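What follows is each chain in one-letter form.
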Amino acid sequence: MTSPNLLQLNHQGIKTSLIEYLKKQDTFKDYNFEGSGLNILLDVLAYNTQHNAYLSAMVANENNISSAILRSNVVQHAKTLGYTPKSITSSRAIIKVSISNKNEAKTNLLVPRGTIFTSSFNGKTWNWVTLEDYVLKQNSLGIFEGEIEIVQGQIVAYRFNVSAWDERFVLPSPALDTSTLKVAIYENTTSNNATVFNKITNIQTLSSESEVYYIQEADGGLFEIRFGDGILGKKVEAGNVIYVEGIETNGEAGNLHTQFSLVGTFEGYDNNEIHVECQVAGNSGASMEETESIRLNAVRMFQSQNRAITKQDFEIIATDVYPNSLSISVWGGEELEPPVFGKVFISIVPKHKNILTSNVRERIANAIKSRCSAGIDVEIINPNFIYLNLSVTLLLN
């Protein structure tokens, strides 16, 4: 028996191959394959064969991170490499708040976590909030003043009732900045005492009592949190209540904002008595990590094993810590003259700002230090920009 031609991939080629194959069979050798009945059946067979071939090719492609098209499959492959895609990231700004002292008995004012500010930008009003407590101290002129870091967005909270230790807890907002999450566990629905759980950073230090949580991307661009199994991290029990709090943000839309004001009154002071001055415009806001970025960074992070040893490792981890970077340059202190041993210098060009603030540089340096060898110091340096004013003469032949 003659085998059919399996090299044809388009519809007409498959149909022609089927006709040639049937013509060589004794049962069908005298049939008119242009007749309406057989022609329709051959069309159906060709379409079905083409569909199965396409499906098989797509399934094979989706089995590899380098060729997968669907974001969900790229995320799953990245998970096997130990990489978690980045969520949307809040923009941050630094403001200076000044208040004239009406109460001589006070020497400082507390600005609590959750204090709300607004900004005006492109004809719209945007919400900003503080993520920690700040103290305004009285200066020699009797004015309370101090610098405050505010984050674009609003604080949202979710509660989950635990029914099983391995349950998935999906955070329902795609605009949630996962770097701002605070997670706490209550023993039951009536308990007032909570245990704070921190995001896992190093699996090697885990024990059965480690109070940590894992975070990963779920379907639809949402994120989910999970907890330990009693071996790698403390296990949650049925009846526990999980409390999750974080910032719901507009991402990079908060960048470059400079006009801020306090919402409502504060400690008995009216809004017109409170002066807010922008020190550092909104920066570092970013959208959710794109599929191509996940494909690239997952492999690079796996190569570095989340440890900063070589120059390339430092570049990869700096990109992971500060995804809003346009360009990163790394050099060792031994390359300087005179040399500075035991120190690594990193220069970052942000996408939306020429320089990084001291707070942001310190935050990046501390995050990188936790992944490099003991005794290595990390310093983040703002780049020096050289602007060229070119005069071009074009000659046409």
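Here goes a summary of the coordinates provided.

### What about the overall build of the protein chain?
Alright, step 1. When helices and strands are counted, the protein chain shows six helices and 18 strands.
Alright, step 2. For 397 residues, the compact-globule formula gives about 21 Å, and the C-alpha radius of gyration of the protein chain, at 30 Å, lies well above that figure.
Alright, step 3. The buried share of the protein chain, taken over its 397 residues, is 40%.
Alright, step 4. At a minimum sequence separation of 6, the contacts of the protein chain that also span at least 24 residues come to 67%.
Alright, step 5. Only carbon and sulfur atoms are counted for the fraction: they give 51% of the accessible area of the protein chain, which is about 22800 Å².
Alright, step 6. A distance of 2 Å separates the average location of the 32 positive side-chain charges in the protein chain from that of its 42 negative side-chain charges.

### Structural notes on the pattern of salt bridges
Once their charged atoms are close, side chains differing in charge can pair, the charge on each being opposite to the other.
Alright, step 1. In this structure the tally under the stated criterion is 14 salt bridges.
Alright, step 2. For the salt bridge of R113 with E245, the shortest nitrogen-to-oxygen distance reads 2.5 Å. Note that R113 is positioned in the loop between strand 2 (108-111) and strand 3 (116-121) and E245 in strand 13 (residues 241-248), a separation of 132 residues in sequence.
Alright, step 3. The residue K369 makes a salt bridge to D377 at a minimum N-O spacing of 3.1 Å.
Alright, step 4. By relative accessible area, D377 is classed as partly exposed at 32%.
Alright, step 5. A cluster of three or more residues bridged by salt bridges with shared partners is formed by K86, E289, D320 and R371.

### A few points about the sheet that holds strand 16 (residues 325-332)
Alright, step 1. On the basis of which strands lie adjacent, the open sheet formed by three strands has the order 16-17-18 and mixed pairing. Only two strands of the sheet have a single neighbouring strand rather than two, namely strand 16 and strand 18 (377-381). The average undirected angle you get between the axes of adjacent strands in this sheet is 25°.
Alright, step 2. Here strand 16 pairs with strand 17 (residues 343-350) via seven bridges, running antiparallel. Among the inter-strand pairings, S329 is bridged to a residue of strand 17, identified as S347.
Alright, step 3. Seen against the sheet, helix 5 (residues 311-321) touches strand 16, strand 17 and strand 18 and runs at an angle of roughly 145° to strand 16.
Alright, step 4. Contacts from helix 6 (residues 358-369) reach strand 17 and strand 18 within the one sheet, and its direction differs from that of strand 18 by about 150°.

### Focus: the sheet that holds strand 13
Alright, step 1. Taken in spatial order, the seven strands of this open sheet run 7-13-9-10-11-12-8, and their pairing is mixed. With one partner strand each, in any of the chains shown, strand 7 (154-161) and strand 8 (169-171) form the two edges of the open sheet. Within this sheet the neighbouring strands show an average axis-to-axis angle of 30°, counted without direction.
Alright, step 2. Judged from the five bridges that link them, strand 11 (residues 212-217) and strand 12 (residues 223-227) form a sheet pairing that is antiparallel.

### Looking at the packing of helix 4 (residues 291-304) against helix 5
Alright, step 1. Relative to each other, helix 4 and helix 5 sit at 130°, their axes nearing to 10 Å. By the angle between their axes, helix 4 is oblique relative to helix 5. Helix 5 is crossed by helix 4, and the crossing has left-handed handedness. On helix 5, the residues that touch R300, M301 and S304 of helix 4 are D313, I316 and D320.

### Points about unusual backbone geometry
Alright, step 1. The peptide bond linking E337 to P338 adopts the cis configuration, its omega dihedral lying at 0°.
Alright, step 2. If you trace the backbone, P338 turns up in the loop between strand 16 and strand 17.
Alright, step 3. At Q305, a residue that is not glycine, the phi angle is positive and equals roughly 55°.
Alright, step 4. Relative to the elements of secondary structure, Q305 occurs in the loop between helix 4 and helix 5.
Alright, step 5. For Q305, a relative accessible area of 45% corresponds to the partly exposed category.
Alright, step 6. At N306, a residue that is not glycine, the phi angle is positive and equals roughly 60°.
Alright, step 7. Looking at the secondary structure, you find N306 in the loop between helix 4 and helix 5.
Alright, step 8. A relative accessible area of 30% means that N306 is categorised as partly exposed.

### Focus on the packing of helix 5 against helix 6
The geometry of a pair of packed helices is captured by two quantities: the angle between their axes and the separation between those axes.
Alright, step 1. The geometry of helix 5 relative to helix 6 is characterised by a closest axis approach of 10 Å and an angle of 125° between their N-to-C directions. Comparing their axes, helix 6 and helix 5 come out oblique. Considering how the two elements wind past one another, helix 5 and helix 6 form a crossing that is right-handed. The residues of helix 6 that touch helix 5, namely those facing F314, I317, A318 and V321, are I364, A367 and I368.
Alright, step 2. Residue composition of the contact of helix 5 with helix 6, grouped by class: seven nonpolar, no polar and no charged.

### With respect to the pairing of strand 4 (residues 124-130)
The side chains of a regular strand alternate between both faces of the sheet.
Alright, step 1. Inspection of the sheet shows strand 3 paired to strand 4 by six bridges, in the antiparallel sense. When the bridges of strand 4 are listed, I116 appears paired with V129.
Alright, step 2. If you look at the hairpin formed by strand 3 and strand 4, you'll find two residues sitting between the two strands, and N122 has a positive phi there, around 55°.

### Description of the environment of K137
Alright, step 1. Among the secondary structure elements, K137 is positioned in strand 5 (residues 134-138).
Alright, step 2. Separated by 28 residues in the primary sequence, K137 and L109 place their C-alpha atoms 6.6 Å from one another.
Alright, step 3. The residues contacting K137, other than those within four sequence positions of it, are T107, N108, I143, F144 and E145.

About the thresholds
Residues numbered from 1 in each chain as written. Predicted model: local features only at pLDDT ≥ 70, side-chain atom pairs only at ≥ 80, totals over all residues. Heavy atoms only, no water. Helix = DSSP H or I, 4+ residues; strand = E, 2+ residues; numbered from the N terminus. Rg over C-alpha atoms; globule rule 2.2 N^0.38 Å. Buried < 20%, exposed > 50% of the residue type's maximum accessible area, 1.4 Å probe, protein only. Contact = heavy atoms within 4.5 Å. Areas by Shrake-Rupley, 256 points an atom, 1.4 Å probe, with all protein chains shown as cover. Lys, Arg positive; Asp, Glu negative; His and termini not counted. Charge placed at Lys NZ, Arg CZ, Asp CG, Glu CD. Salt bridge = Lys/Arg side-chain N within 4 Å of Asp/Glu carboxyl O. Pairing = 2+ DSSP bridges. Axes fitted to C-alpha atoms, helices over the stretch in contact; angles between N-to-C directions. Parallel < 35°, antiparallel > 145°, perpendicular 65-115°, else oblique. Left-handed = near helix turned anticlockwise from the far one by under 90°. Nonpolar A, V, L, I, M, F, W, Y, C, P; charged D, E, K, R; others polar.

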